[in-house]
Amino acid sequence: MAAAADIFAYKEALIILGTAGVVIPLFSRMRINPILGFLIVGAFIGPNVLGELAKQFPWLSIFIIGEQEEIAQLAELGVVFLLFIIGIELSFERVLSLRRLVLGFGAVQVIASAIVIGYVVHLIGLSMTEALIVGLALSLSSTAIVIQLLSEQKRLGTQTGRASFAILLFQDLAVVPILLLIPALGTSGTERVFGGILMALLQAAVTVLLIVIIGRLGLRPLLRLVASTRSADLFMAASLLIIVGAAILSTLGGLSMALGAFVAGLLLAETEYRREVEAIIDPFKGILLGTYFLLVGMGMNLKLLLSHPTAIIGFAVALILLKAAIIVGAGSLFQLPRAALIRTGLLLGPGGEFVFVIMGASVAAGAVSFSTSQNVTLIVSITMVVIPLMSTLGDWLTSKLSVKATLPAEALAEPRENGVRAIVVGYGRVGTLVASMLEEHDMSYIGIENNPDVVTRARRQGKPVYYGDATRPELLRRSGIGKATAIVVTMDSPAKVDQVVRIARAERADLKIIARARDEDHAMELYGAGATEAVPETTEASLQLGEAVLVDLGVPMGLAIAAVHERRDSLRRLLGRPDRRREVGLARDRLKRLTKEKS
């Protein structure tokens, strides 16, 4: 019996690990977002699905996490580690550069959302006290899910990412006064509550300052000392100590654990150990954050949903649309691009994890009834489940809507030739590098890009980049293709590259067309479409690797470079002839074999 009890003591851990190691990979094969997968599994293993079935089939209880409190602390650590990683990826300078959005855009969003939502729910029938608390709670969004999504999509540095992060940061700061305000609104209201709020805010500011001082003075010496032992285990322990220590110190000052970890991450970003710490912590973050999403899914009261599906889903949709509209309207005051505001609005329209904390505190203080709390938390849980879908919807909407309003006036100007020698189609990382090389040699060019955020950023830097779709012949004509010497096609979509090459060749038979190819087969297709030069990414990477290996093994630099140039010219000749596909494959195999032998 004792042995059996010991085994079941690990049940929650096995369920979490099984979900992360088996169920989520299966969901990924079905193209289901991992976040959505954890939420679905959480709802399934919670008390409302398997919990009900276990009453008739007791053996199912081994797959159920019965008490959510058992994993709540692990789940909270997931959010803590996520904010720590985000802090490492940022810096104090970047956060300070967002202060206008944090204190302006974030404040307007929270206050306006709280007022509008509170007024609406008061009209529905809630008391003024309940309406105020519900409005404040629903004005908040999910830091954990939104930041995780933006991080996975590499969008934290985009205008959508910066706007979302600014709002979420202000919301996290606003949680402290909201929680302190609740006792004054309940039946056990305390006197001088507003004085208490001011004291708590002062205490929070002192806490952040203390974390910053300790971090600046102690982080680098501590990590240098631990690194000198050359022990990966000790370095991991020190990294965990920094995160958990900052989080606990933050709670002592009345702030959330996640905010303290975020500040620690900002401090660590300034040290030479940031990448090592980030690599160590990232796996912990993944599994713990998955636990958090499981917990959110388990909290969904599916019985209530099934009894009032139309009303609950209707309120959830209304909440998302209402907050999204407020964010789009508030963002226009700060002259943010409309496309970025639409994406931000749909991402932040759903509720967030702090709603559960606020509702629990409100019920305990007698400020909100238990039934109201249940309704609110269910609506929020549903909205959190659809956040990944909101991200997809935002991308689809912005691709369908006109994006002209997202661009500054100078970017909307029609491209003018003015003696342009080259046209660079695609201004991503490859196009930017090509353009910088043209600038170094005083070669005039025009850049064409269909991402409005990229165009806006480039125009503010004084670059001659214009928004447009290069697959339209008219745009290429206005960009000077009739007199240009060359066109460089750098887009990462093979189908788009093919289309632009064919259109450009149809416009000019003598135009030099240099195109970016995905691989050798794609390069051969581009030569057939009329490209003068097609540069396969895989081939160039292999050639550079081969050159590095030859030099490192003692071959003189000149001979190594000559060998690479000879091999490149040979491959180009082969790629230019579609009937030589077999020779291309053999040459590619010889290159790989040479690289492997030399290494």
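Predicted model, so just to flag it, every value in this text is computed and none were measured.

**Regarding the packing of aromatic side chains**
Enumeration over the complete set of coordinates arrives at 2 aromatic pairs. Taking 5.8 Å as the distance between ring centres and 35° as the angle between the ring planes, the aromatic pair formed by F105 and F334 counts as tilted. Here F334 lies in the loop between α16 (309-333) and α17 (338-348) and F105 lies in helix α7 (residues 99-124), a separation of 229 residues in the sequence. Using a relative accessible area of 0% as the deciding quantity, one classes F105 as buried. Residue class for F334 comes out buried when judged on its relative accessible area of 14%.

**As for the pattern of salt bridges**
Under the defined criterion, the tally for this structure stands at 4 salt bridges. Here D395 and R343 are joined by a salt bridge, their closest N and O atoms 3.3 Å apart. Taken together, the residues span a long stretch of sequence, with D395 in helix α20 (residues 387-400) and R343 in helix α17 at a distance of 52 residues. The exposure class of D395 is partly exposed, given its relative accessible area of 26%. A salt bridge links R477 to E507, with the shortest nitrogen-to-oxygen separation between them at 2.9 Å. You can see R477 sitting in helix α24 (residues 473-478) and its partner E507 sitting in helix α25 (residues 494-507), a full 30 residues away along the chain. What makes R477 partly exposed here is its relative accessible area of 41%.

**Section: the side chain of H522**
Tracing the chain through its elements places H522 in helix α26 (residues 520-529). Those residues in contact with H522 that lie beyond four places of it in its chain are P494, V497, D498, R516 and A517.

**Side note on the packing of helix α8 (residues 128-138) against helix α18 (residues 354-365)**
Interhelical geometry of α8 versus α18 gives an angle of 160° and a closest axis separation of 9 Å. With respect to their mutual orientation, α8 and α18 come out roughly antiparallel. As for how α8 packs across α18, the hand of that crossing is right-handed. Here α8 contributes I133, V134 and A137 to the contact with α18, which in turn contributes V355, I358, M359 and S362.

**A closer look at the nonpolar core**
Membership of the largest hydrophobic core comes to 96 residues, with the highest contact counts inside it found for F105, F262, F293, I358 and M359. Beyond its immediate sequence surroundings of up to four residues, F293 is in contact with I35, F38, L39, A144 and I145. V420, I446, I481 and I513 belong to the second-largest nonpolar core, a separate cluster that totals 29 residues.

**Comments concerning the sheet that holds strand β1 (residues 422-425)**
Read across the open sheet, the 6 strands follow the order β3-β2-β1-β4-β5-β6; overall the sheet is parallel. Looking along the sheet, the strands with just one partner apiece sit at the ends: β3 (465-467) and β6 (533-536). Across the sheet, the mean angle from the axis of one strand to that of its neighbour is 20°, orientation sign disregarded. By the bridge criterion, 4 bridges tie strand β5 (residues 512-517) to β6 in an arrangement that is parallel. Across the sheet, A517 pairs through a bridge with P536, a residue of β6. Lying on the sheet, α25 is in contact with β1, β4 (486-489) and β5; it crosses β5 at an angle near 175°.

**Considering the confidence of the model for the chain**
Chain-level statistics for the chain give a pLDDT mean of 77 and a share of 81% at 70 or above. Mean pLDDT values over the elements of the chain span from 50, in helix α29 (residues 581-598), up to 92, in β4. This stretch, residues 1-5, has a pLDDT under 50; its non-local contacts, to residues over four places away or in other chains, come to 0 contacts.

**A look at a nonpolar patch on the surface**
Among the surface-exposed residues, I111, I115, V116, Y119, V120, L123, I124 and F315 lie close enough to one another that they form a single nonpolar patch of about 780 Å² accessible area. Among the elements that line the nonpolar patch, the one with the most residues is α7, at 7 residues. Inspection of the secondary structure assignment puts I115 in helix α7.

**Quick word on the environment of V454**
Among the structural elements, V454 can be located in helix α23 (residues 452-460). Taking relative accessible area as the criterion, V454 reaches 16% and is therefore assigned buried. As for V454 and Y466, which are separated by 12 residues in sequence, their C-alpha atoms are 9.7 Å apart. Contact partners of V454, with chain neighbours within four places excluded, come to Y427 and E449.

Criteria and cut-off values
- Residues numbered from 1 in each chain as written.
- Predicted model: local features only at pLDDT ≥ 70, side-chain atom pairs only at ≥ 80, totals over all residues.
- Heavy atoms only, no water.
- Phe/Tyr/Trp six-rings, centres within 6.5 Å; stacked < 30°, edge-to-face > 60°.
- Helix = DSSP H or I, 4+ residues; strand = E, 2+ residues; numbered from the N terminus.
- Buried < 20%, exposed > 50% of the residue type's maximum accessible area, 1.4 Å probe, protein only.
- Salt bridge = Lys/Arg side-chain N within 4 Å of Asp/Glu carboxyl O.
- Contact = heavy atoms within 4.5 Å.
- Axes fitted to C-alpha atoms, helices over the stretch in contact; angles between N-to-C directions.
- Parallel < 35°, antiparallel > 145°, perpendicular 65-115°, else oblique.
- Left-handed = near helix turned anticlockwise from the far one by under 90°.
- Core = buried A, V, L, I, M, F, W, Y, C linked by side-chain atoms within 4.5 Å.
- Pairing = 2+ DSSP bridges.
- pLDDT = per-residue confidence, 0-100.
- Patch = residues over 30% accessible without salt bridge, like charges linked within 9 Å, V, L, I, M, F, W, Y side chains within 5 Å.
- Areas by Shrake-Rupley, 256 points an atom, 1.4 Å probe, with all protein chains shown as cover.

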